Structures are given as structure tokens and as C-alpha cells.
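Summary of structural features
Chain by chain, the residues run as shown.
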Amino acid sequence: MIKKIGFILTITSALFVQAQSTNMEIEHLHYTKNELALINQKSNVMKFRVLQTTNAIDYKILRAQNQDLNPTDPATKKLAERMLVTVQDKDSRGVGIAAPQIGINRNAFWIQRFDKASAPFEFFINPKIIWYSDIKREGREGCLSIPDITGEVIRSLAVRITYYDLNGNFYDEVLEGFTAVIAQHEYDHLLGKLFPDRLKEQEQKTFDLAEKNTKLLYEQKASE
């Protein structure tokens, strides 16, 4: 019993030290001068220009790798506010937007949480999808950065994702359904991937209907 308790304490201590180390690393992440200039170019209620794949410079940014950021940096709050204005603007309305789409190569995105009452938008900072369900769903997707193109994309029905909020709080969640699809689409942006890439990839794969193996059902929950 003493050995077991000691083992548990050792693991707990290791996790605590690891969490402290991660937080310290995040605190030392700083925006570049160019990033700050873009973020502060306009007020909090002004939208960003959405990058387009039809523009060569924009395309290079959309394909670039992205870096983590400091959730509690004041610039992150303004970045989030302007990104939200952008995704909710009548000219660029969507259900999600990633930082690279407005010219900031950082790991952050907004998604609309259709799995919650009133379908609020939530900001995910330094997200990592750490599990994808084997069960997939097929659905039509488009992208604010890709004009006039849509496609039937096959994605996991559920994912497990870790992320931070603007207060630096850490979350570990499982997302399902359309919300999970939105998260995967935006997460792809952070990897420098676009949904047409997924269309090409799935052409090389074989899929079976899930109903052949099991009967899938959705529970109807009583409205609150």
C-alpha cells in the first residue's frame, strides 16, 4: 500500500510539474511586430480581411505552419474579438474561423458550438486534437478562404480536443457531430491544410457504411 501511494504521488507530482512547465513556456510566447501591427491596425469592433487562396501571398500564409500563443496576452484578447467580428460579419458569415485566415500564423480558432444551448461561439487557443473516432460522417463543406468551392468531406464523427481559453484555463473535451466537424476543419487550417486536401485524400481510401456493422441512433433530449 505504501508503494502504491508513493507511486500515485510521484505521478501526480510529475503531472503538476509538467503543467507548470507548459504554462511557463506559454507565458514566454510573444507576438512579432508584424503580428501586433495587424492586430492593432483597427479597433476591437472592426473585422479583419479574410485571406483568399486566389491570392498568391495569402495562399502562402494559409499553407504555413502555425505557432502557439499566450492565452493571457492582451493582444490575444483583441485578436479574438476582431476574429469573432469577422466570422459574424454579414459579408463573411461562417461557423468557424482560424487565425491563419486573417493573416496571423498562430494556433487559435473560433467555432460555433452547436452541441450547446443557443449555439454560442467559443475561442480555442493552442488546440490539439488528440483522438479521432473511427466512425465517420460525410457532409458538405465550404471555406471563407476558398471562394465558390464546396465538397462532400468525410470526417470523424467525434474528436477529443485539448485547448486553453482567454483566461488561461485548460480544457480536455470530446466533441461530437457537426461541432466536431467544424473543429476538424478549423484545426486543419492550423496544420496548413485546406478541405480540398481532404477531398483528394479520401479518394484514395475505402469506406464502409457504418450501418453494416452497427445500428447508429441519436437520443432525442428533452428541451430545457
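Numbers given for residues are sequential positions, taken from 1 along each chain in its written order. In keeping with the model being predicted, local features are shown solely for residues with a pLDDT of at least 70 and side-chain atom pairs are shown and tallied solely at 80 or more, while totals for entire chains, interfaces and linings include all residues. Side-chain numbers here rest on the full set of heavy atoms in the structure, without hydrogens or water.

**Considering the side chain of E186**
- Looking at the secondary structure, you find E186 in helix α5 (residues 177-190).
- At 8.5 Å, R155 is the nearest oppositely charged side chain to E186, a buried residue that forms no salt bridge.
- Contact between two residues is taken to exist if any of their heavy atoms lie within 4.5 Å; hydrogens are not considered. Beyond its immediate chain neighbours, meaning those up to four positions away, E186 contacts G96, I97, A98, Q101, F109, W110 and I111. A run of DSSP states H or I qualifies as a helix once it reaches four residues; a run of E qualifies as a strand once it reaches two. Both are numbered from the N-terminal end. Three labels apply to residues, based on accessible area from a 1.4 Å probe with only protein chains included: buried if under 20% of the type maximum, exposed if over 50%, partly exposed otherwise in between. Just so you know, the count uses Lys and Arg for positive and Asp and Glu for negative, and it drops His and the chain ends. A pairing counts as a salt bridge when a side-chain nitrogen of Lys or Arg comes within 4 Å of a carboxyl oxygen of Asp or Glu.

**Considerations on the environment of V87**
- Following the sequence through the fold, V87 ends up in helix α4 (residues 74-88).
- Separated by 25 residues in sequence, V87 and Q112 place their C-alpha atoms 10.0 Å apart.
- Excluding its chain neighbours within four sequence positions, the residues that come into contact with V87 are S92, R93, G94, V95, G96, I97, F121 and L144.

**So, the packing of aromatic side chains**
- Centres within 6.5 Å are what make two rings of Phe, Tyr or Trp a pair, Trp counting through its six-membered ring; a difference in plane orientation under 30 degrees is then read as stacked, over 60 as edge-to-face, and the rest as tilted. Under the definition given, this model contains six aromatic pairs.
- Note on F109 and F124: the rings are 5.3 Å apart at their centroids and 25° apart in plane angle, and the pair reads as stacked. Remark: F124 occurs in strand β3 (residues 121-132) and F109 occurs in strand β2 (residues 108-112); sequence separation between them is 15 residues. Each member of the pair, F109 together with F124, is buried.
- Here the aromatic cluster, defined as three or more aromatic residues joined through ring pairs, consists of F109, F124, Y163 and Y171.

**Considering unusual backbone geometry**
- One non-glycine residue, S118, lies in positive phi territory at about 70°.
- For S118, the location among the structural elements is in the loop between β2 and β3.

**So, the sheet that holds β3**
- Any two strands with at least two DSSP-identified bridges between them are counted as paired. Spatial strand order, β1-β2-β3-β6-β7: five strands in an open sheet with antiparallel pairing. The open sheet has two edge strands, β1 (96-98) and β7 (170-176), and neither has a second partner. Each adjacent strand pair in this sheet contributes to an overall mean axis angle of 40°, direction not counted.
- Taken together, the five bridges between β2 and β3 define a ladder with antiparallel strand orientation. Of the residues in β3, the one forming a bridge with A108 is I125.
- Angular values range over 0 to 180 degrees, each being the angle between N-to-C directions of two axes fitted as lines to C-alpha atoms, with helices fitted over their stretch in contact. The strands that α4 touches are β1, β2 and β3; relative to β3, the one it contacts most, it runs at about 90°.
- Most of the contacts of α5 go to β2, to which it runs at about 160°, and overall it touches β1, β2, β3, β6 (158-164) and β7.

**A word on the confidence of the model for the protein**
- Think of pLDDT as the predictor's per-residue confidence, scored from 0 to 100. The predicted model of the protein averages 89 in pLDDT, with 88% of residues at 70 or higher.
- Every residue in residues 1-19 scores below 50 in pLDDT, and together they form zero contacts with partners more than four places removed in sequence or on other chains.

**A few points about the pairing of strand β5 (residues 146-156)**
- Here strand β4 (residues 136-143) runs beside β5; their pairing, made up of seven bridges, is antiparallel. Its bridge partner being in β5, K136 is matched across the sheet by S156.
- Here β4 folds back onto β5 in antiparallel fashion, the turn holding two residues.

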